[in-house]
Amino acid sequence: MRSENRSRRSFVRARAALAAGTLGVLLAVTGCGASGDSSDSGAKADVKSAPREGFADGEAGAAASAAPEEQTDKKAAGKKAAPNPGGTHVIRTATLSVEVKSVPKAVAAARGAAEGAGGLVASENTERLDDTYETSHLVLRVPQERFREVLRELAGSGKLLSRTSNAKDVTDQVVDVESRISTQRASVARVRELMDRAEKISDVVALEGELSSRQSDLESLLAQQASLKDRTSLATITLDLTPPDAPDDREKDEDPGFLDALGGGWDAFVTMLRWIAVAFGAAFPFLLTAALAVLGWRVLHKRRAARRGAPAVQAAPAGKDGASAS
């Protein structure tokens, strides 16, 4: 009986010791997890509070806190600006000179071809020569996918005199501008975030100047992007329309004849007379003043001479009378 009681007591003790050990292990594991969570939360809180404290110390602290964000923004912008390897951007231009029977009808047909293709007439200039003939100069903008179709239609509207076309690949330029826009937008957003966290007036003033400069650069890049998009989406066609019997400029450059020389000489003579009359009219007031001055001087000179001669004539008879009396 005593042996059985001893075995039971040892079994109970062993069981209690095992339960106590298990409980201790569980408590240790729970404590480690809690300490790890508290340390992580403390580290995160320190990271969140570090930029604000650093920025409060001055601009250097703000720049240092923004450095990791700047690198992250640049990486994100680089990923967003990754170009599409299959996309190409081309600027297409063409110049046509066509001889047509009726310039107004050809102008209407060219306008209809451009608008029917989804384009527009950028400019139109019509001139009348010798009050009989008309010539027209048009600049058409048509979508890239309808460029060749419209070009063939315009070339077939009459007698083709000349035709030139050009295609320029600007894919690298488009991709570069898009990448710079993405980076500049991230930079502007970063400066605005720093302004929201600024506490000193000096920091706000410095950041406002930086924000204005970066926004100006962003607007310039956006303007370049809009220009490239317009030129790559719409092709430009310059069209010159002339009638078949219009006077040729080369006829005016022929050697002049006798009548041409006579007309030129008469024109030169009339021009010379006109300039002489103009010069005389300009000098007439001065000539009139000089003539009046000379005339007045002569009148005064004659009067003085007459006054001097009168006393001499009177003195001569008086002398004769005195001689006879003696």
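See the structure shown above.
First, a word on what this report is: a plain description of the structure on this page.

What counts, and at which threshold
Residues numbered from 1 in each chain as written. Predicted model: local features only at pLDDT ≥ 70, side-chain atom pairs only at ≥ 80, totals over all residues. Heavy atoms only, no water. Helix = DSSP H or I, 4+ residues; strand = E, 2+ residues; numbered from the N terminus. Buried < 20%, exposed > 50% of the residue type's maximum accessible area, 1.4 Å probe, protein only. Arc of directions from axis to C-beta. Contact = heavy atoms within 4.5 Å. Patch = residues over 30% accessible without salt bridge, like charges linked within 9 Å, V, L, I, M, F, W, Y side chains within 5 Å. Areas by Shrake-Rupley, 256 points an atom, 1.4 Å probe, with all protein chains shown as cover. Salt bridge = Lys/Arg side-chain N within 4 Å of Asp/Glu carboxyl O. Lys, Arg positive; Asp, Glu negative; His and termini not counted. Charge placed at Lys NZ, Arg CZ, Asp CG, Glu CD. Core = buried A, V, L, I, M, F, W, Y, C linked by side-chain atoms within 4.5 Å.

1. Quick word on the side chain of S187
Checked against the element boundaries, S187 lands in helix 5 (residues 171-196). Given the relative accessible area of 8%, S187 is considered buried.

2. Details of helix 4 (residues 147-155)
Listed as buried for helix 4 are F147, V150, L151, L154 and A155. Buried residues of helix 4 fall within an arc of 130° about the axis and therefore sit on the same side. The outward face of helix 4, more than 90 degrees from its buried face, is lined by the exposed residues R148 and R152. Next to the buried residues of helix 4 lie strand 1 (90-99), helix 3 (103-116), strand 3 (133-143), strand 4 (159-169) and strand 5 (234-242).

3. Remarks on a positive patch on the surface
Taken together, R303, R304, R307 and R308 make up a surface patch of like positive charges. Topologically, R303 is positioned in helix 7 (residues 258-325).

4. With respect to the nonpolar core
One recurring pattern in soluble globular proteins: nonpolar side chains tend to sit buried together. Ranked by size, the top nonpolar core spans 21 residues in total, and within it L140, V142, F147, L154, I237, L239 and L241 carry the most contacts. Among the elements that take part in this core, helix 3 stands out by supplying five residues, more than any other. Setting aside anything within four residues of it in sequence, one finds L140 in contact with A110, A114, L120, V121, L154, A235, T236 and I237. Counting 14 residues, the second largest nonpolar core, distinct from the first, contains I181, L211, L218 and L221.

5. A word on the pattern of salt bridges
This structure, assessed with the given rule, holds six salt bridges. For the salt bridge of E134 with R128, the shortest nitrogen-to-oxygen distance reads 2.5 Å. Overall, R128 belongs to the partly exposed group, its relative accessible area being 49%.

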